[in-house]
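In case you want the letters, here they are:
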Amino acid sequence: ANAKAGYVIRRILRRAVRYGYTYLGFNEPFICKLVDGLVKQMGHQFPELKKQQTLIERVIEEEEASFLRTLATGINLLDRVIAKVGKGGKIAGKDAFELYDTFGFPIDLTREILAEKGIGIDEAADGGIVISALQVVEPGVSVVVVAVPFVEAIISHFKSLRKTENELNFTK
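What comes next concerns the included structure.

Conventions used here
- Residues numbered from 1 in each chain as written.
- Predicted model: local features only at pLDDT ≥ 70, side-chain atom pairs only at ≥ 80, totals over all residues.
- Heavy atoms only, no water.
- Buried < 20%, exposed > 50% of the residue type's maximum accessible area, 1.4 Å probe, protein only.
- Helix = DSSP H or I, 4+ residues; strand = E, 2+ residues; numbered from the N terminus.
- Phe/Tyr/Trp six-rings, centres within 6.5 Å; stacked < 30°, edge-to-face > 60°.
- Lys NZ or Arg CZ within 6 Å of the ring centre and 35° of its normal.

**Comments concerning helix α6 (residues 107-116)**
And step 1. The set of residues buried in α6 consists of I107, L109, T110, E112, I113 and L114.
And step 2. A positive backbone phi angle near 70° is found at G118, which sits one or two residues after α6.

Pasting the structure below:
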């Protein structure tokens, strides 16, 4: 889930998967294989690890497999965009948003990869769409978009909009 502790755990897991994929060449789930060692080390202090080991391994493996597919697609597409701008350049904000919106490739990960390559995001281009942070959760739950001065295209599918000083909150 994209809420509270589950969201934080998912982000940590995805960051580890990304580093395993990018720097260690892991193309298949690998973190799930570490659960057995964790249970052996910590199972006495946390008996729920032993009781739920199979479930924990399965959930982590499913999340890894899903994110590895997203990662492979997203990195491939991002590499194509990067090839057009070169080091020191900026990719269009719409390209970063499209990676997220169409392919589920997290904007924070796009930023991280671009920064590693000395590239930025031109957030003021493309009709003024500026994406500083974007968190989308289940329909009917608040969606927060920070620093998006031109949001008509994004919010046209939403029923209500409430603007505060630094953010827009809207629900579907």
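**Digging into helix α5 (residues 93-103)**
And step 1. Among the residues of α5, those classed as buried are G93, D95, A96, F97, L99 and Y100.
And step 2. Phi turns positive, to about 75°, at G104, one or two residues after α5.

**Some points on the packing of aromatic side chains**
And step 1. This model, assessed by the stated rule, comprises two aromatic pairs.
And step 2. With a centroid separation of 5.3 Å and 20° between ring planes, the pair formed by Y19 and Y23 is classed as stacked. Separated by four residues within a single helix, Y19 and Y23 lie in helix α1 (residues 4-24), roughly one turn from each other.
And step 3. Taking the ring centre of Y19 as reference, the NZ or CZ of R18 above it sits at 5.1 Å.

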